[in-house]
Amino acid sequence: VSVMPDAVRRHYELYPYPSYPLFASVRRADTYANNLEALWSLFNGELPPADLARILIAGCGTFAPYPFAVANPKARVTALDLSETSLKRARLHCLVHGVTGVDFVAGDLLDPALVTGPYGFIDAYGVLHHLCEPATGLRALAARLGEGGIMRVMVYSRYTRREEDAIRRALRLLQVREPEGVQRMVTRSAQGSRLREFFENSGEVASRAGLADALLHPQVKSYRIGEFMELVAASGLTPLRFAHRGAHPDPEREVERILAMEREKKSPGNFVIYLGRGVKGPCPDSRAVFRLNPCLLPVLSPWRLATAHIPGRLGHENGPLNGTERRFLRRFRHPVQAAELSPADLERAGCYADRLFLLRCRELPS
């Protein structure tokens, strides 16, 4: 069922999402995969040009501007959302943590005059599936992406959300419109019922806002992988890499893997993908200059005795960084040319660049 943007805006005015505590903080090291320089070097093999050191968070919600600004203190971040309430909460979260460099804009991403490109990175995480015309929304965002620019998209997958979608449809038929009404139904439901089991096993419904977002949202679409790739193809952007859990780095092979899962009514989770406009491709290790991802500096102190745990990104978990690994990464606080590394260290540096711990850039001509 398609609804007007006003219905979605009213939903988030009532239930701003996510509902993280105001003093919930992130370490800068945990934001390393949001760093524009790291993403640009991964897909373009160089650092971003100064005019594209701009980030747009489309449908930013109450929290995302904070970690993006932490990850990119030198970039300008624009946080766009339909909901004034969500933006106020996001602004307050940044203020509490002393974060600056964010422009907060209220409005519809379909309005071409509202925020204008070009942007070096656009984040559309959990947004398109709440639009009545997702293809139009994706094209509107793609039009704001600069040459070499990168966009991250997350949409709900059909088989991950199957139970949730069924409950949402039932609640709509029963005209249950408030979280308290859903909670009363759960209380009255029998032990072992589908509704009670969903609530016992889903972390999404632990908060009032989470429950409303999961089960009472007025506009939701979930995708099979074929539908999603048709949406991507219509945008004119190039699939670069899936980033959901367990994803194969080659997009075509990952699509094949998901198709096989879907034949068994399974999914790897919600679909997360990086898309690009005219990206140049990664730099070969042998011709690269390697630099440390600046977000990781805080966990590489020589006085740190414990291992450092960095959350996994790009579809795979990271192991803890022990003292030996931290010493290796500290070598790249200043640029290191490939010719200065042994073959073993060059291979190791390449692996860290694939994980966004290092920036791998083409050597500039002398």
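Please refer to the structure higher up on the page.
This write-up is about the structure you can find in this document. (Residues numbered from 1 in each chain as written. Predicted model: local features only at pLDDT ≥ 70, side-chain atom pairs only at ≥ 80, totals over all residues. Heavy atoms only, no water.)

## Thoughts on the packing of helix α7 (residues 179-188) against helix α8 (residues 194-201)
Counted only if it meets this: In this analysis an axis means a line fitted to C-alpha atoms, helices contributing only their contacting stretch, and an angle means the value between N-to-C directions, from 0 to 180 degrees. The helix count covers DSSP runs of H or I at least four residues long, the strand count covers runs of E at least two residues long, and both are numbered beginning at the N terminus. Working rule for angles: under 35 degrees goes down as roughly parallel, over 145 as roughly antiparallel, 65 to 115 as roughly perpendicular, anything else as oblique. Handedness of each helix crossing follows the sense of rotation of the near helix against the far helix: counterclockwise by less than a right angle gives left-handed, clockwise gives right-handed. Throughout, a residue-residue contact means that at least one pair of heavy atoms, one from each residue, lies within 4.5 Å. Note on residue classes: Ala, Val, Leu, Ile, Met, Phe, Trp, Tyr, Cys and Pro are nonpolar, Asp, Glu, Lys and Arg are charged, and everything else, Gly too, is polar.
Where α7 meets α8, the closest approach of the two axes is 8 Å, and the angle between their N-to-C directions is 110°. Comparing their axes, α8 and α7 come out roughly perpendicular. When you trace α7 past α8, the crossing you get is left-handed. Counting all contacts with α7, which are made through Val182, Gln183, Met185, Val186 and Thr187, the residues of α8 involved are Leu195, Arg196 and Phe199. Of the residues that constitute the contact of α7 with α8, the class distribution is five nonpolar, two polar and one charged.

## Focus: helix α4 (residues 84-96)
At 3.6 residues per turn, the α-helix brings residues three or four places apart onto the same side. We apply this condition: In this analysis, the expected span of each helix is defined as 1.5 Å times one less than the number of residues it contains. Throughout, exposure labels follow a simple rule: accessible area from a 1.4 Å probe, protein chains only, divided by the maximum for the residue type, with under 20% read as buried, over 50% as exposed, and the rest as partly exposed. By arc we mean the arc of the directions from the helix axis to the C-beta atoms, nothing more.
With 13 residues, α4 extends 18 Å from end C-alpha to end C-alpha; this agrees with the ideal 18 Å at 1.5 Å per step. Those residues of α4 that sit buried are Ser86, Leu87, Ala90, His93 and Cys94. Taken around the axis of α4, the buried residues stretch over an arc of 120°, which confines them to a single face. Exposed side of α4, more than 90 degrees from the buried face: Lys88 and Leu95 are the residues found there. At the exit of α4 stands Gly98, carrying a positive phi of roughly 70°.

## Description of the nonpolar core
Stated formally: The nonpolar core is taken to be a set of buried Ala, Val, Leu, Ile, Met, Phe, Trp, Tyr and Cys residues, with the residues joined through side-chain atoms within 4.5 Å.
Formed by 64 residues in total, the largest nonpolar core has its most connected members in Tyr274, Phe290, Phe332 and Leu358. With six residues, the top contributor of residues to this core is helix α2 (residues 36-44). When residues no more than four places from it in sequence are discounted, the contact partners of Phe332 are Phe290, Arg291, Leu292, Leu341, Ala349 and Leu358. Listed in part, the 33 residues of the second largest apolar core include Val127, Val153, Phe228 and Val255.

## Structural notes on the environment of Ala29
Along the polypeptide, Ala29 turns up in the loop between α1 (5-14) and α2. For the pair Ala29 and Leu114, spaced 85 residues apart in sequence, the C-alpha to C-alpha distance is 32 Å. Residues contacting Ala29, with those up to four places away along its chain left out, are Cys295, Leu296, Val299 and Ile310.

## Here we look at the sheet that holds strand β10 (residues 358-362)
Strands in a sheet are paired, the pairing made by backbone hydrogen bonds, and the direction either parallel or antiparallel. This is how it is decided: DSSP bridges decide pairing: two strands pair if at least two such bridges lie between them.
The strand order β9-β8-β10 describes an open sheet built from three strands, whose pairing is antiparallel. Because the sheet does not close on itself, it has two edges, and the strands there are β9 (336-337) and β10. Of the strand pairs in this sheet, strand β8 (residues 288-292) and β9 are connected by two bridges, and their pairing is antiparallel. Within the sheet, the bridge partner assigned to Phe290 lies in β9 and is Val336. The strands touched by helix α13 (residues 343-354) within the sheet are β8 and β10, with β10 carrying the most contacts at an inclination of about 105°.

## Topic: a nonpolar patch on the surface
Condition: Excluding any residue in a salt bridge, patches collect residues exceeding 30% relative accessible area, merging like charges within 9 Å and nonpolar Val, Leu, Ile, Met, Phe, Trp and Tyr side chains within 5 Å. Exposure was quantified through the Shrake-Rupley algorithm and a 1.4 Å probe, taking into account, for residues, occlusion by the shown protein chains and nothing else. Put simply, a salt bridge is a Lys or Arg side-chain nitrogen that is within 4 Å of an Asp or Glu carboxyl oxygen.
On the surface, Phe23, Leu92, Leu95 and Val96 cluster together into a nonpolar patch covering about 420 Å² of accessible area. Positionally, Val96 belongs in helix α4. For Val96, a relative accessible area of 32% gives the class partly exposed.

## Some words on the sheet that holds strand β5 (residues 145-155)
Taken in spatial order, the seven strands line up as β3-β2-β1-β4-β5-β7-β6 in an open sheet, and their pairing is mixed. Only two strands of the sheet have a single neighbouring strand rather than two, namely β3 (102-106) and β6 (238-242). Strand-to-strand, the axes of this sheet are offset by a mean angle of 20°, without reference to chain direction. Two strands pair when backbone bridges link them, and β5 and strand β7 (residues 271-276) are joined in this way by six bridges, in the antiparallel orientation. Looking across to β7, one finds that Met151 is bridged to Leu275. Packing against the sheet, helix α5 (residues 134-142) makes contact with β1 (54-58), β4 (119-125) and β5, and its axis sits at approximately 150° to β5. Contacting β6 and β7, helix α11 (residues 251-262) crosses the sheet at an angle of about 65° to β6.

## Quick notes on the pattern of salt bridges
For the structure shown, the criterion picks out 20 salt bridges. Arg161 is the partner of Glu204 in a salt bridge, and the nearest nitrogen-oxygen pair spans 2.9 Å. Taken as a pair, Glu204 in the loop between α8 and α9 (208-215) and Arg161 in the loop between β5 and α6 (162-173) lie far apart in primary sequence, 43 residues in all. Via salt bridges that share partners, Arg161, Glu164, Asp165, Arg168 and Glu204 belong to a single interconnected network.

## Observations regarding α13
Under the 1.5 Å per step criterion, the end-to-end length of α13 is 17 Å for 12 residues, consistent within 8% with the ideal 16 Å. Of the residues making up α13, those classed as buried are Asp345, Leu346, Ala349, Gly350, Tyr352 and Ala353. When α13 is viewed along its axis, its buried side chains cluster within an angular range of 160° and face the same direction. Facing away from the buried side of α13 by over 90 degrees, the exposed positions are Pro343, Ala344 and Glu347. Where α13 is buried, its residues touch α2, β8, α12 (323-330) and β10. Immediately beyond the C-terminal end of α13, within one or two residues, lies Leu356, with a positive phi of roughly 75°.

## Details of the pairing of β10
Counting buried positions along β10 gives four out of five residues, so the element sits mostly inside the fold. In terms of strand pairing, β8 meets β10 through five bridges, oriented antiparallel. Across the sheet, residue Phe290 finds its bridge partner in β10, namely Arg360.

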